[in-house]
Amino acid sequence: MAYQPSKKLKKTALGVAGVAVLAGLNAPAALGFAEDKYHEYKIAQPGYQARYGSWQQVSIPEKYRTNAIHAALLHTGKVLIVAGSGNEQRKFDAGSFDTVLWDPQKNTYKKIPTPEDFFCAGHAQLPGGRLLVAGGTARYEALDGEVERAGGGMRVKNEDPDKAVTLKKGTRFRSPSGVEYVSRFDVTVPKAKKAAVKGGAKVKASERRVFVEAVKEGPESVTARQAQYEVVGLKGGQADDVYGLSEKITLAKQDFQGIKAAYEFDPRAERYIKVDPMQKARWYPTLVGLKDGKVLAVSGLDDVGMIDPGDNEIYDPKTRKWSKGPFRYFPTYPALFLTKGGKLFYPASNAGYGPADKGREPGLWDLEKNTFAKVPGLSDKDQTETSSSLLLPPAQDQKVMILGGGGVGESKKSTARTAVIDLRKKNPAFTDGPALPQGTRYLNSVIMPDDTVFTTNGSKDYRGRSASNIHKAQFYDPKKNAFTPAADPKVGRNYHSEALLLPDGRIATFGSDPLFDDQKNTKLGHFEQRMEIYTPPALHRSGDRRPVLGSGPRRVTRGEHASFETADSRRIARARLMRPSAVTHTTDVEQRSLALDLERGTDKVTVTVPQDRALVPPGWYMLFVTDKEGTPSVAKWVEVR
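Residues numbered from 1 in each chain as written. Predicted model: local features only at pLDDT ≥ 70, side-chain atom pairs only at ≥ 80, totals over all residues. Heavy atoms only, no water.

S.K.: Any chance you could break down the overall build of the chain for me, citing the residues and the numbers?
M.R.: Tallying secondary structure elements over the chain gives seven helices and 49 strands in all. For 641 residues, the compact-globule estimate of 2.2 N^0.38 gives 26 Å, and the C-alpha radius of gyration of the chain, at 27 Å, lies within 12% of that figure. The buried share of the chain, taken over its 641 residues, is 57%. A separation threshold of at least 6 residues defines the contact pool for the chain, and within that pool the share at least 24 residues apart is 62%. Within the structure as shown, the chain displays about 27,800 Å² of accessible surface, and the carbon and sulfur contribution to it stands at 49%. The averaged location of the 75 negative side-chain charges in the chain is 3 Å from the averaged location of its 97 positive side-chain charges. (Helix = DSSP H or I, 4+ residues; strand = E, 2+ residues; numbered from the N terminus. Rg over C-alpha atoms; globule rule 2.2 N^0.38 Å. Buried < 20%, exposed > 50% of the residue type's maximum accessible area, 1.4 Å probe, protein only. Contact = heavy atoms within 4.5 Å. Areas by Shrake-Rupley, 256 points an atom, 1.4 Å probe, with all protein chains shown as cover. Lys, Arg positive; Asp, Glu negative; His and termini not counted. Charge placed at Lys NZ, Arg CZ, Asp CG, Glu CD.)

S.K.: Please provide a residue-by-residue account of the environment of Val638, values included.
M.R.: With respect to the secondary-structure elements, Val638 resides in strand E49 (residues 636-640). Separated by 304 residues in sequence, Val638 and Pro334 have C-alpha atoms that sit 29 Å apart. Not counting chain neighbours up to four residues away, the residues in contact with Val638 comprise Pro553, Arg554, Val556, Phe564, Leu577, Gly619, Trp620 and Tyr621.

S.K.: I'd like to hear about the sheet that holds strand E38 (residues 497-501), residue by residue, with values.
M.R.: In a beta sheet, neighbouring strands are held together by backbone hydrogen bonds and run either parallel or antiparallel to one another. Taken in spatial order, the four strands make up an open sheet running E1-E40-E39-E38, and their pairing is antiparallel. Each having just a single partner strand, strand E1 (54-57) and E38 make up the two edges of the open sheet. On average, each strand axis in the sheet is inclined to that of its neighbour by 20°, with strand direction left out of account. With three bridges connecting them, strand E39 (residues 507-511) and strand E40 (residues 532-535) associate as antiparallel partners. Each bridged residue has a counterpart across the sheet, and for Ala508 the counterpart in E40 is Ile533. (Pairing = 2+ DSSP bridges. Axes fitted to C-alpha atoms, helices over the stretch in contact; angles between N-to-C directions.)

S.K.: Now, about the domain arrangement of the chain: what can you tell me, with residues and values included?
M.R.: Splitting the chain by domain gives domain 1 (50-143 + 254-540), domain 2 (149-246) and domain 3 (547-640). A separation of 37 Å is found between the C-alpha centroids of domain 1 and domain 2. Between domain 1 and domain 2, the contact holds eight residues from the first and 10 residues from the second. When domain 1 packs against domain 2, the two sides together hide about 670 Å² of surface, and 52% of this comes from carbon and sulfur. Counting the surface domain 1 buries against domain 2, the share from its top three residues, Arg139, Gln254 and Val304, is 57%. Counting across the domain 1 and domain 2 interface gives two salt bridges. In this structure, Asp302 engages Arg209 in a salt bridge whose closest nitrogen and oxygen atoms are separated by 2.4 Å. Summed over the shared surface of domain 1 and domain 2, the number is two residue pairs in polar contact (both at pLDDT 80 or more). (Domains from an automatic or database assignment. Buried area = accessible area lost by both parts, 1.4 Å probe. Salt bridge = Lys/Arg side-chain N within 4 Å of Asp/Glu carboxyl O. Polar contact = N/O pair within 3.5 Å; in protein donor to acceptor, adjacent residues only side chain to side chain.)

S.K.: Give me empty space enclosed by the protein: which residues, what numbers.
M.R.: Under the counting rule described, the total for this entry stands at seven cavities of 30 Å³ or more. Of the pockets and cavities examined, the second largest cavity occupies roughly 80 Å³. Residue lining of the second largest cavity: Gly122, His123, Pro285, Thr286, Leu287, Tyr333, Ala582, Thr584, Thr587, Asp588 and Val589, and that is the complete set. Mapped onto the lining of the second largest cavity, the elements with two or more residues apiece are strand E6 (122-125) and strand E22 (286-289). Mapped onto the domain boundaries, the lining of the second largest cavity takes at least three residues apiece from domain 1 (50-143 + 254-540) and domain 3 (547-640). (1 Å grid on protein atoms, 1.4 Å probe; cavity = no way out; pocket = protein on both sides within 12 Å on 5 of 7 lines; lining within 4 Å. Points joined across faces, edges and corners; volume = space filled by probe spheres on them.)

S.K.: Describe in detail the environment of Leu403, supporting the description with residues and values.
M.R.: Structurally, the position occupied by Leu403 is in strand E31 (residues 399-403). Put simply, Leu403 and Gln519 are 116 residues apart on the chain and 25 Å apart in space, counted from C-alpha to C-alpha. Residues within four places of Leu403 in sequence aside, it is in contact with Ser387, Ser388, Leu390, Arg417, Thr418, Leu436, Leu443, Ser445, Thr455 and Phe483.

S.K.: Any chance you could break down the sheet that holds strand E30 (residues 388-391) for me, citing the residues and the numbers?
M.R.: Here four strands make up an open sheet; going across it, the order is E30-E31-E32-E33 and the pairing antiparallel. Edge positions in the open sheet fall to E30 and strand E33 (430-432), since each of these has one partner strand only. For this sheet the average axis-to-axis angle between neighbouring strands, irrespective of direction, equals 20°.

S.K.: Describe in detail the pattern of salt bridges, supporting the description with residues and values.
M.R.: Applying the stated criterion across every chain, the model contains 46 salt bridges. For Arg424, the salt bridge is made with Asp422, and the minimal N-O distance between the two is 3.2 Å. The exposure class of Asp422 is buried, given its relative accessible area of 13%. It is possible to trace a salt-bridge network through shared partners that takes in Lys280, Arg282, Asp308, Asp311 and Glu313.

S.K.: Provide a residue-level description of the pairing of strand E35 (residues 453-456), including the pertinent values.
M.R.: Here E35 shows no split at all, with Val453 and Thr455 on one side and Phe454 and Thr456 on the other all buried. Sheet topology note: the strand E34 (residues 444-447)/E35 ladder contains four bridges and is antiparallel. For Val446, the partnering residue across the bridge sits in E35 and is Phe454. Hairpin remark: E34 followed by E35, antiparallel, with five residues in the connecting loop; positive phi at Asp451, about 75°. Pairing geometry for E35 and strand E36 (residues 473-477), over four bridges, is antiparallel.

S.K.: So what about the nonpolar core? Which residues, and what values?
M.R.: Val79, Trp102, Phe454 and Phe510 are the most contacted members of the largest nonpolar core, which totals 49 residues. Of the domains in this structure, domain 1 (50-143 + 254-540) and domain 3 (547-640) are the two that each give at least three residues to this core. What Phe510 contacts, discounting residues up to four positions off in sequence, is Ala68, Ala71, Val79, Ile81, Trp102, Arg493, His496, Ser497, Glu498, Leu500 and Met531. (Core = buried A, V, L, I, M, F, W, Y, C linked by side-chain atoms within 4.5 Å.)

S.K.: Describe the packing of aromatic side chains, naming the residues involved and giving the relevant values.
M.R.: Under the counting rule described, the total for this entry stands at 32 aromatic pairs. Ring geometry for Phe119 versus Trp283: centroids 6.3 Å apart, planes at 70°, classification edge-to-face. Of this pair, Phe119 sits in the loop between strand E5 (108-111) and E6 while Trp283 sits in the loop between strand E21 (271-275) and E22; the two residues are 164 residues apart in sequence, bridging distant segments of the chain. Comparing Phe119 with Trp283, the two get one shared label, buried. Seen in terms of ring centroids, Phe330 and Phe372 are 6.3 Å apart; in terms of plane orientation they differ by 70°. Their pairing is edge-to-face. In this pair, Phe330 sits in the loop between strand E25 (321-324) and strand E26 (337-338) while Phe372 sits in strand E29 (residues 371-374), placing the two residues 42 residues apart along the sequence. Look at Phe330 and you get buried, because its relative accessible area is 2%. (Phe/Tyr/Trp six-rings, centres within 6.5 Å; stacked < 30°, edge-to-face > 60°.)

S.K.: Please provide a residue-by-residue account of unusual backbone geometry, values included.
M.R.: Here the amide bond leading from Pro393 into Pro394 is cis, since omega sits at -15°, within 30 degrees of zero. With respect to the helices and strands, Pro394 occurs in the loop between E30 and E31. For Asn370, which is not glycine, the phi dihedral falls at a positive 50°. Exposure remark for Asn370: the relative accessible area of 25% places this residue in the partly exposed category.

If you want it as structure tokens, here you go:
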């Protein structure tokens, strides 16, 4: 039952006289208690909720609470919450990796065996309804002053044109002076390339890189000079053909390192299925679905902790193998949106790693020609890291929005800037939109069935420093180019937080990984494991009178019609096909909403799916219908082929 304040308490919370009475009695404690109680009463009132919506904390059994780093909605209606080691070194060292499958309707949970550390992996929806998960953590970072053994890259050469060589983790490399380094990962070096030349043949050594650490502690193992290292244990001709060339090996900070592993999560069997690994190790990569159902993997830190120079690759779900993609550099977790014609638009949103002067310009990437056309007009271009961005609804409008963001790395900068670009124009350029209530990093933006965008979470400073979480939420209306306030969340969220749309029209929010828990930055932060669900105003206004979609096809074809039974055909004003989210680090390149042509018949509605594969890439979608007031139905899941 909602809290009901007495008349005296209402006056205490609102009136000057009441404040004076409390000030004379218990002063701040009593006044704060009264204000809190009245706020709880106010936000529970039907009129308030019909205007601003409401938040509810989800009850999670203790054994299923986890550090939500990634969240993806599956076509079963369940949500895959992936933690991996969850940014906890002790779990990584113990090989303890978490995935939890949550059913929002029943509020039930299931732990999923997790074969790799998917902490900071990438993910994308596949045509058949599976979720591709690739990359993750091979090694945690070691900060300046924490590195005890010198480490760096070792380039392993193979001059044998007839045979590849695999060196297992723990292989030792010895310098001419006797200093030894040990590899921390397996490395397979292909056979050398052999080409015929005049008078004989020429062999070009193949090469792979592996991270190594000195066997002994201390500065004696530090080297900036390149030298040739023998591989301890190799004999005869193989010892001559296979050797190491050191790169810079230092006691400086060592960044996180990525893995090559790739898996498909099967929503029916509810398990991970191993597929061919990527060609490059990746930590903080973006995976984006293409118009043919393939997936492009972009950026990330490699298995030495270096940002990928542009060696992108493409996954084919039919063969479950990877091939070389177009070469182009991006900072880690770049936001890339599939647009008409199959080009990818980069609004400059990204998260985490990369120099301030490289890969920060927005533009349109033509994958076939591998050209990148920069676009002008974006303000606060030095504050696009940890920003939110999305393809505005409906996707046919081809407008992309960027919201908030901050400076590179641990910068204190944050911006309230929003900007929109119309890619249909001959010379597209960003124009500023309405400002956010304040500078915001780590904002999450969720497309709604009524074509608005719900935004929540975030902090003003890097990882919520100085207690800078922003307890605000709002709706953006693309038609009006304006924000309207929503009810305030109770849980503040920053780095490693997510938000996504559920099939019943509500929004779930997860995670948060603050550096500190206090304003003075003296108490180390704790990962936020509470989950909240936001119910939008339309669902409070409608009561039980939501439009209802009945039986209809489970599979639809582009350009064709599909009919669904309904007793609400006269009420239904629009239909939207919405791709489910796969979100991490404020990056969600999966979500999109498509306007469908709608015909109303007697006890049925008929929708037409757009023909363009770049607008509607293959896969499972939620079909929502809404009435004139914007009240959505519960979604019907349909597969687009």
